[in-house]
Amino acid sequence: MKTKKWFRKTTAICAAALLGTAAIPSTAFAADSYASIEKDAWAKKVTEMVSSYATSIEESQSLISGMQSDMILKFEDSGRSLLGFIAPFDVSWLDNVTLSNDISFTDGKEGVLMKLLLNDSEICTLEYYMDPDTQNIYMRIPELSDKYFKTNLAEAADQQAASIESDIEELAPGDTDVNIPTDHFATAYSDSINLSVSMMSDLAATLPEASVVETLLNKYGSMLFDNITEGESSQETLTTGEISQDCTVYEAQVSAEDAVKTATAILEEAKSDSDIENILNTWTDKLSSNEDLYENFTKAVEDGLDSLKDADTSNSDDSHLNTRIWVDETGRISGREIEFQEGDEITPVLNWQMTKNGSDFGYLLSIETDDSGTLSLSGSGQINDGKLNGTYEISQDDTAAAIIEVKDYDTESAKEGYLNGNYTITFPADSSEDGDSSLSMFENFALVLDLNSAKDSGSVALSVESAGSTLGSFTITSDAGESVDIPDLTALGDVYDITNDDDMNSYAATLDFTTLMDNLSKAGVPDEVITYVLSGGSATDQDTNEGTVEYGVSDYSPEEKDAA
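Residue indices begin from 1 for each chain and proceed along its sequence in written order. It should be noted that, the model being predicted, local features are given only for residues of pLDDT at least 70 and side-chain atom pairs only at 80 or more, the latter also being counted only at that level, while totals for whole chains, interfaces and linings use all residues. Just so you know, side-chain values use all the structure's heavy atoms and leave hydrogens and water out.

Attention shifts here to the overall build of the protein chain. When its secondary structure is counted, the protein chain shows 16 helices and 22 strands. Out of the 564 residues in the protein chain, the part that is buried amounts to 40%. Considering only intrachain contacts with a sequence separation of at least 6, the fraction spanning at least 24 residues in the protein chain is 51%. For the protein chain, the accessible surface area stands at approximately 30000 Å², while carbon and sulfur atoms represent 50% of it. Counting from the N terminus, the helices are the DSSP runs of H or I reaching at least four residues and the strands are the DSSP runs of E reaching at least two. For every residue, the accessible area obtained with a 1.4 Å probe (protein chains only) is divided by the maximum for its type, and the residue is called buried under 20%, exposed over 50%, and partly exposed between those limits. Whether two residues are in contact is decided by their heavy atoms: any pair within 4.5 Å suffices. Each accessible area value is a Shrake-Rupley result obtained with a 1.4 Å probe; residue values ignore everything except the protein chains displayed when judging cover.

Shown next, in the form of structure tokens:
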């Protein structure tokens, strides 16, 4: 039984890998066997992925010196009316909230300048600087205080580990079988931070070259198909929706023995792969600890090889993975099916189809799950001049859950890693007998997603519509920006430790809310809302009428605030 469970998991992993090659139709020419078709299709896909990888590295490197992004939450009239029913105060003045970020990596340090805007008026800023060498994060809100406060990531990780250990001891006192290596939390977290910042500071020097990535993907991807058992080929008409194509069907099987042979070959090759060694050694040099990533990798590989030696493959004749692909007259893979067979019992895993007739296409992606039954995405449409337009339906066990209208999805720019297109998602009325669909509450709403991306810039906009009116939208934009000036982090003057109560009491004594309150007023926020917010949501009508509220530092009446 252990082998069967292991093989089922392996099946799921294989299905996920194959799905990656099926996401965009692949073309394989001059191939006459299942393995050769898969290898050719994989090589073509790798070429596209590596081209996108090289482009992204080049563009990301140019953005490291300075990038700018905005997150904008905008309310329309209908949205404000709806919000008014649940808000504890009047929101007629509220138009938009924006978090604007300037980010850069300089000399191995990260600098972030966050600005909070309300109705396009600046309210406050947060300066954020991280030094990966010390694991310290320094922050300042100049509208409140000219002083900095800090936290240490390694210490925070230690505290989290201690908290987890305390929880474990409380839940299972004296249970020695519960073994969570919390003592490594701080080191692992520190290493990940150092590696991340180092990589962002110089992507070109830290990440492998595109040619190396291409070599690795081609080598190990091709090896996945080296130990399959070729099956029969036949002619068949594949129909998806209303679109049919005459195809050649190629079949293959993968037994537990085949899977073990493939995994063993891959691990043996990886164990002495100089490209992998060079990548891991480069990353090791960026870590703050003395941990050797390549040494850890080779140990993990040896452990994997040892476990494979003990794998029981005696039932390979009874349990195996069946896989089929449909290839049209141009050599394009038009369909793929994966199923698990145990004796005479066959369990579907994956069914993918994309048939074409001129500019018209039919689409189906169906995945079998243990918990959620059959999940499928089906639809049809047209592709003209590289732009895809169509309608898709997401369903569970043949019950529609959502409808997606796709407009002007750019299939050519997608190959280069740029996503452009418009998606409108609606939720049909629940037609099931119990009427207990978790999505039924959304049937009167529509989600509209708009994607735009190009070199050095991009945006994602999500809006909510109801009865033809837009309630509001959330938009994220990114673009090249200016470098953030990072001060000398060793000469910041008084710095208050967030984890020290005395420090934070001293920091609180430096706070002055005058500028913040003035900025809120300039943004059009009513006095009673300012009072409510600054009192932590505890203000009452009596507080407002009496005109005095505690802000933690100073007391202001509305008249005093206006005078200020």
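Most of strand β10 (residues 333-342) is tucked away, with eight of its ten residues classed as buried. Pairing between two strands requires that DSSP report at least two bridges joining them. Both strand β9 (residues 319-327) and β10 contribute to a ladder of nine bridges, which runs antiparallel. Bridging from a neighbouring strand, Asn322 pairs with Glu339 of β10. Between β9 and β10, which follow one another and run antiparallel, lie five residues, and Gly331 among them has a positive phi close to 95 degrees. When β10 meets strand β11 (residues 345-357), the two strands line up antiparallel, connected through eight bridges. Note on β11: the bridge partner recorded for Glu339 is Pro348.

Next up on the list: the nonpolar core. Among soluble globular proteins, nonpolar side chains are generally buried collectively. Counting residues in each nonpolar core, the largest one holds 31 residues, and the members touching the most others are Ile325, Ile333, Tyr363, Tyr392 and Val406. For this core, the elements supplying multiple residues, two or more each, are α2 (34-64), β8 (243-255), β9, β10, β11, β12 (360-369), β14 (387-396) and β15 (399-410). Not counting the four nearest positions on each side in its chain, Tyr392 is found in contact with Phe361, Tyr363, Leu377, Ser378, Gly379, Ala402, Ile403, Ile404 and Val406. Judged by nonpolar contacts, the second largest core, of 27 residues, contains Leu118, Phe149, Tyr507 and Val525. The nonpolar core is taken to be a set of buried Ala, Val, Leu, Ile, Met, Phe, Trp, Tyr and Cys residues, with the residues joined through side-chain atoms within 4.5 Å.

Further remarks concern the confidence of the model for the protein chain. Interpretation of the predicted coordinates at a detailed level should be avoided for regions scoring low in pLDDT. The predicted model of the protein chain averages 83 in pLDDT, with 80% of residues at 70 or higher. Values of pLDDT, the confidence the predictor places in each residue, fall between 0 and 100. Ranking the elements of the protein chain by mean pLDDT puts strand β21 (residues 549-550) last, at 39, and strand β16 (residues 421-426) first, at 96. Across residues 1-30, where pLDDT falls below 50, the model places 62 contacts with residues more than four positions away in sequence or in other chains. Within the model, the stretch residues 540-564 combines pLDDT values under 50 with 39 contacts to residues more than four positions away or in other chains.

Another point: the environment of Thr490. Within the secondary structure layout, Thr490 lies in the loop between β19 (469-480) and β20 (495-497). Classification of Thr490 as exposed rests on a relative accessible area of 75%. One polar contact links Thr490 to Asp488, side chain to side chain, over a distance of 2.6 Å. We define a polar contact as two N or O atoms separated by no more than 3.5 Å, with the added condition that, inside protein, one atom must be a possible hydrogen donor and the other a possible acceptor, whereas residues neighbouring each other in sequence contribute only through side-chain atom pairs.

As a further point, take the pairing of strand β2 (residues 96-106). Two elements, strand β1 (residues 67-75) and β2, share eight bridges in a ladder whose sense is antiparallel. Pairing of Met71 across the sheet is with Leu99, part of β2. Two strands pair when backbone bridges link them, and β2 and strand β3 (residues 109-118) are joined in this way by ten bridges, in the antiparallel orientation. Note that in β3 the partner of Thr98 across the bridge is Leu117. Connecting the antiparallel pair β2 and β3 is a turn made up of two residues, with Asp107 showing a positive phi of about 50 degrees.

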